[in-house]
2 protein chains.
Amino acid sequence: MSVLIVGSTALDSIKTPTAENPRLLGGSASYASVAASFFGPVNLVGVVGDDFPKRYIQLYKRHCIDLQGLQVLPGKTFHWSGEYEANMNNRRTLLTELGVFEKFNPALPDSYQATPFVLLANIAPGLQHHVLDQMRRPKFVAADTMDLWLKVALPDLLKLLKRLDAFVLNDSEAEQLTGEENVFTALKKIHRLGPKYVIIKKGSHGSVLSGPRGQFLCPAYPLRRVVDPTGAGDSFVGGMMGYLAAAKGPIDRNIRRAMVYGSVVASFCCEGFGVQRTTRVMRAQIEGRVRELERLTRF
Amino acid sequence: MSVLIVGSTALDSIKTPTAENPRLLGGSASYASVAASFFGPVNLVGVVGDDFPKRYIQLYKRHCIDLQGLQVLPGKTFHWSGEYEANMNNRRTLLTELGVFEKFNPALPDSYQATPFVLLANIAPGLQHHVLDQMRRPKFVAADTMDLWLKVALPDLLKLLKRLDAFVLNDSEAEQLTGEENVFTALKKIHRLGPKYVIIKKGSHGSVLSGPRGQFLCPAYPLRRVVDPTGAGDSFVGGMMGYLAAAKGPIDRNIRRAMVYGSVVASFCCEGFGVQRTTRVMRAQIEGRVRELERLTRF
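Residues numbered from 1 in each chain as written. Chains lettered and ligands numbered in written order. Predicted model: local features only at pLDDT ≥ 70, side-chain atom pairs only at ≥ 80, totals over all residues. Heavy atoms only, no water.

## Some thoughts on the overall build of chain A
As a reminder, the rule being used: Helix and strand assignments follow DSSP, with helices taken as H or I runs no shorter than four residues and strands as E runs no shorter than two, numbered in order from the N terminus. Computation of the radius of gyration draws on C-alpha atoms, with the globule rule given as 2.2 Å multiplied by the number of residues to the power 0.38. To sort residues, take the accessible area from a 1.4 Å probe on protein chains only and compare it with the maximum for the residue type: under 20% means buried, over 50% means exposed, and anything in between is partly exposed. By the convention used here, residues are in contact when the closest approach between their heavy atoms is within 4.5 Å. In this count, Lys and Arg are taken as positive residues and Asp and Glu as negative ones, while His and the chain termini are left out. A charge is said to be at NZ when it belongs to Lys, at CZ for Arg, at CG for Asp and at CD for Glu.
Along the backbone of chain A there are 10 helices and 13 strands. The C-alpha radius of gyration of chain A comes to 18 Å, within 12% of the 19 Å expected for a compact globule of 299 residues. For chain A, with 299 residues in total, the buried portion stands at 61%. For chain A, long-range pairs separated by at least 24 residues make up 63% of all intrachain contacts whose partners lie at least 6 apart in sequence. Side chains of chain A carry 37 positive and 27 negative charges; the gap between the two charge centres is 7 Å.

Laid out in structure tokens, this is it:
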């Protein structure tokens, strides 16, 4: 089955202590769509300016990502620029130019409205609502978010939580939302806000799922070297949704494996700038790392 | 088979934001011995002063810990006092009175010298050497350490690493020792210093083993509330060695499960002050949490 993915489509300029890469393909929807594309068809909803490089359109197409929902407006593409510290854990934003993103009004093509799996990747909760309003009875809806929306759009986000099957956020956002530093207490509190499945991402420490069949401690794939962690969280949730949409059987039975696949795609994402490493990955390499994670966690 | 455990035997006065507990039973060897005692016989090597409360001797005895190697010297027992911050991750030492510990010269009773499993719990590397010098061909030797010894006794510690089967340390100590923040790179570097098995502890994020059969990502048991994390690392390594000594078959095949048992005993340790919670645990409760960790990590 297909996944509809809405989120930001952007150009990222990323500095790390060892390198600088201007105008990479970025944005939550780009990372998530490339990640999901390994498992099945993706319908992308986003907006770019008329400066958006043709090579990135080609890149989406090579991944068989449907672009009917990608608006091209006159003006500049959303441009984010950031710098990482040596340990890759802390980053600071150098520049944010919203460009055409400011006017983004996601109107779904008719053909998208019955997509069974919906991923509301990180974007303003208002826009996430707007996309959901246009969907016809999706089978499974998941959303990601970021610290900014918890600060400036909390009422919208809280309303959104009641419309979701799954909510994905990182540990510091979970603390921000619940006031709880303990991940397992935070999970419990977030369930009360609506979602049946709650997933808290912990970066290199993996992620934790809480759902109707209990909790799952999902490992992160062990990486000896992180080149650029930008988009790892988006790749995780994109890979997870791609796997879920492609898998036969009930969500409940598949979601753990889906998280492991997401975790593996995220590990490839960290090994290169932007999506440079991810786009060169073969499905067999993903399967290889999933088997490795099985061996690494068995006891 | 038996485990010989050498380390500190102390009185701990622990302050947390919500409570204060003076003169609890503490010290690396106390925590590790209680943890190991769930699985089989323990020979304790340590020193206490003549102020050491009788009730703690009784406590050791209730756990069937052999005390022939526990010296009682005239003077004061080693006393440590510390305070935890609200998040339980940072603690600061308020007071350290070495007392009789300063004169500790571990002379092993004859009956201890052929103990097949040896745990050199956290104590000065010089004393760890001295104990090892008295052992007759032990089957398996593991050591723990702390940041202090990396600073003030590094040459002794490096010599010790060449005499060990397994070396256990936490993530910040691993970084201090190798200069590597990445856990997986640090593991590789520590192997080159001698030990066949290297285990890096990551607190609530679990631990990682590197050994001849590859790596193992050992989960931490999910706790909603930590009362006092003091001794969790000692309990982990004690539980692990206790399980290993009791298990049939090769170390290689048992060490993953041994770490999971250690992790579970450590989780109980965190749920009370000192060993207060651990000493009330039944073996069946340990088995229950091990099965839970199986369910929590399966995919």
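## Structural notes on the sheet that holds strand β2 (residues 10-15) of chain B
All names here are of chain B. Rule in force here: Strand pairing is defined by DSSP finding a minimum of two bridges between the two strands. Angles shown run from 0 to 180 degrees and are taken between the N-to-C directions of axes, each axis being a line fitted to C-alpha atoms and, for helices, limited to the stretch in contact.
In spatial order, the strands read β3-β2-β6-β7; together these four strands make up an open sheet with mixed pairing. One side of each edge strand has no neighbouring strand; the edge strands of this open sheet are β3 (20-26) and β7 (91-97). Within this sheet the neighbouring strands show an average axis-to-axis angle of 20 degrees, counted without direction. Note that β2 and strand β6 (residues 79-84) share five bridges and pair parallel. In the sheet register, L11 faces β6, and the bridge partner there is H79.

## Looking at the relation of the copies chain A and chain B
What counts is decided by this rule: Residues reaching a pLDDT of at least 70 in both copies supply the C-alpha atoms on which the copies are superposed by least squares.
Mapping chain A onto chain B leaves a residual RMSD of 0.0 Å; the transformation is a rotation of 180 degrees accompanied by 0.0 Å of translation along its axis. In the structure described here, the two chain copies are related by an operation that fits a two-fold rotation axis. Residues of chain A ranked by C-alpha distance from the rotation axis are headed by H205 of chain A, positioned 3.1 Å from it. The share of interface residues of chain A whose copies in chain B are also at the interface is 100%, consistent with both copies meeting through the same surface.

## Section: helix α8 (residues 232-246) of chain A
Inclusion rule: By this rule, a helix spans an expected 1.5 Å times one less than how many residues it contains.
For α8 of chain A, built from 15 residues, the straight-helix expectation of 21 Å at 1.5 Å per residue is met to within 8% by its first-to-last C-alpha distance of 21 Å. Judged by how many residues are buried, α8 of chain A sits mostly within the fold: 13 of 15 residues are covered.

## Quick word on the packing of aromatic side chains
Each aromatic ring pair is characterised by the separation of its centres together with the angle its planes make. Residue and element names in this part refer to chain B. Operational definition: Pairing of aromatic side chains requires ring centres within 6.5 Å, counting the rings of Phe and Tyr and the six-membered ring of Trp. Pairs whose planes differ by under 30 degrees are stacked, by over 60 edge-to-face, and all others tilted.
Applying the stated criterion across every chain yields a total of 20 aromatic pairs over all chains. Considering the side-chain rings of F52 and Y56, the 5.9 Å spacing of their centres and the 55 degrees angle between planes classify their relative orientation as tilted. Each of the two residues, F52 as well as Y56, counts as buried. A centroid spacing of 4.4 Å and a plane angle of 15 degrees characterise the contact between Y243 and Y261, whose relative ring orientation is stacked.

## Here we look at the side chain of S263 of chain B
Mapped onto the fold, S263 of chain B is located in helix α9 (residues 251-270). Not counting chain neighbours up to four residues away, the residues in contact with S263 of chain B comprise C218, P219, A220, Y221 and F236 of chain B.

## Description of the pairing of strand β10 (residues 166-170) of chain B
Residues and elements named next belong to chain B. By the criterion of burial, β10 is predominantly enclosed, with four of the five residues buried. Strand direction decides the pairing type here: strand β9 (residues 140-144) and β10, joined by three bridges, are parallel. Paired with A142 across the strands is A166, a residue of β10. In the sheet, β10 pairs with strand β11 (residues 197-201) via five bridges, with the strands oriented parallel. Bridge assignment links A166 to a residue of β11, and that residue is Y197.

Function-wise, these values are silent; they only describe arrangement.
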